[in-house]
Amino acid sequence: MTLGLKPGDRVLVVAPHPDDETLGAGGTIARLTAEGIEVHVLAVTCYALPRWGQPASTEQRREEFEAACDALGVAGRGIAWAEDERARHLEAHLTELIRLIEDGPDLSLNALRPTALLMPGTGAVHQEHRLVHRACYAAARPSGTTRHSPDIVLGFEGPEDYTWGTSPEHRPILVDITDSAPAKDKALGCYRREMRDAAHPRSAERIWAIDAARAAALGTERAEAFSVYRMAW
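Throughout, residues of each chain are indexed from 1 in the direction in which the sequence is written. Local features in this predicted model are restricted to residues whose pLDDT is 70 or higher, and side-chain atom pairs enter the listing and the counts only when it is 80 or higher, whereas totals over whole chains, interfaces and linings include all residues. To obtain the side-chain values, all non-hydrogen atoms of the structure were used and water was disregarded.

A. Expanded view of the packing of helix α1 (residues 20-34) against helix α8 (residues 181-190). Every axis corresponds to a line fitted to the C-alpha atoms, with the helix fit spanning only the stretch in contact, and the corresponding angles, defined between N-to-C directions, vary from 0 to 180 degrees. Each helix is a run of DSSP H or I of at least 4 residues and each strand a run of E of at least 2, with the numbering of both proceeding from the N terminus. Running from N to C, α1 and α8 point in directions that differ by 140 degrees, and their axes come no closer than 8 Å. In terms of orientation, α1 lies oblique with respect to α8. In terms of crossing hand, the pair formed by α1 and α8 is right-handed. The segment α1 lies against α8, with Thr22, Leu23, Gly26, Gly27 and Ala30 engaging Ala183, Lys184, Ala187 and Leu188. Three classes are used: nonpolar for Ala, Val, Leu, Ile, Met, Phe, Trp, Tyr, Cys and Pro, charged for Asp, Glu, Lys and Arg, and polar for all others, with Gly counted as polar. Tallied by class, residues from the contact of α1 with α8 come to five nonpolar, three polar and one charged. Angle categories are assigned with fixed cut-offs, so that under 35 degrees is roughly parallel, over 145 is roughly antiparallel, 65 to 115 is roughly perpendicular, and the rest are oblique. With the far helix as reference, a near helix turned anticlockwise by less than a right angle produces a left-handed crossing, and one turned clockwise produces a right-handed crossing. Contacts are assigned to residue pairs that have any heavy atoms within 4.5 Å of one another.

B. Broad picture of the packing of α1 against helix α2 (residues 58-72). Interhelical geometry of α1 versus α2 gives an angle of 35 degrees and a closest axis separation of 8 Å. Facing α1, whose interface residues are Glu21, Thr22, Gly26, Ile29, Ala30 and Thr33, α2 presents Phe65, Ala68 and Leu72. Its residues placed into classes, the contact of α1 with α2 shows five nonpolar, three polar and one charged.

C. Here's a closer look at empty space enclosed by the protein. Here the term cavity refers to a set of points on a 1 Å grid, laid over the protein atoms alone, in which a 1.4 Å probe fits but cannot get out; the term pocket refers to an open set having protein on both sides within 12 Å along at least five of seven lines, with lining residues being those that place an atom within 4 Å of a point. Grid points are joined across faces, edges and corners, and a volume is the space filled by probe spheres set on the points. Tallying each qualifying case throughout the model produces two cavities of 30 Å³ or more. Empty space within the largest cavity amounts to approximately 80 Å³. Lining the largest cavity are 13 residues, and of these Asp20, His129, Glu157, Gly158 and Asp161 sit closest to its centre. Breaking the lining of the largest cavity down by element, the ones donating at least two residues are α1 and α7 (159-164). Grouping the amino acids of the lining of the largest cavity by side-chain chemistry returns four nonpolar, four polar and five charged. By volume, the second largest cavity amounts to about 50 Å³. In terms of lining, the second largest cavity is formed by Leu23, Gly24, Glu157, Gly158, Pro159, Lys184, Ile207, Ile210, Asp211 and Arg214. Taken together, the elements giving at least two residues each to the lining of the second largest cavity come down to α1 and α9 (204-215).

D. Summary view of the sheet that holds strand β6 (residues 173-176). The seven strands lie next to each other as β3-β2-β1-β4-β5-β7-β6, forming an open sheet whose pairing is mixed. Edge positions in the sheet fall to β3 (77-82) and β6, since each of these pairs with one other strand and no more. Within this sheet the neighbouring strands show an average axis-to-axis angle of 25 degrees, counted without direction. Sitting on the sheet, α2 is in contact with β2 (38-46) and β3, with an inclination near 155 degrees to β3. Strands are treated as partners if at least two bridges between them are detected by DSSP.

E. The arrangement of α1 in detail. Working rule for helices: expected span equals 1.5 Å times residues minus one. With 15 residues, α1 should cover 21 Å at 1.5 Å per step; its first-to-last C-alpha distance of 20 Å lies within 8% of that length. Gly26 marks the point of greatest bend in α1, at about 80 degrees. Buried residues dominate α1, accounting for 13 of its 15 residues. One or two positions beyond α1, positive phi appears at Gly36, with a value near 90 degrees. One fitted axis covers the seven residues ending at a residue, a second covers the seven starting there, and the bend at that residue is the angle between these axes. Burial classification: accessible surface area is computed with a 1.4 Å probe over protein chains only, and a residue below 20% of its type maximum counts as buried, one above 50% as exposed, and the rest as partly exposed.

F. Focus on the environment of Ala75. Relative to the elements of secondary structure, Ala75 occurs in the loop between α2 and β3. Taking the relative accessible area as the measure of exposure, Ala75 reaches 42% and is therefore partly exposed. The residues touching Ala75, leaving out its near neighbours within four places in the chain, are Glu38, Val39 and His40.

Spelled out as structure tokens, the structure:
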């Protein structure tokens, strides 16, 4: 059983943008879904800006997100805020984001009542990732019976966080993704326009190397690491 989860349990993954779910936890998502765990992904923001000198559109990002979620076996998926004020100025809508994660109509803690929440960790390099972490942390706080609080709350990091982050946060949870890595690689391929060449952290080669470095502690080929905010049984 991965993370102590059993078939029929639900997991909510909150990603700052489409692709962060795959970069940070794609192998773990694929392993969970292969084991009969129902995984849902909420991508918070999406807006069209040129990426690495290439044109982009919100519709392209949405299509990439859908294809990647299919590759990982994700059940429900959605983008909360696309091409509106909230997507471009997340810092001004943090309270609204907390409420969305707590009690949104479909992909929220109260709607899904997940056993586990996966969210960006505190060591994120990008400002929007740090804001999404703050919102998820607040939404998952203990609440008695007034709101659903998942038993497991973990933080993931992307390749740029691994190589450039300054957080001293320890990531003691290691998930062996050797068998599910092909699904992660397929999902990464759906985001080809978001990837870089081999010298960049956001490249297939560097992501593989990061996974391999984490897996060294397990004696396996590839692994993903998570910070722990709650582990309860």
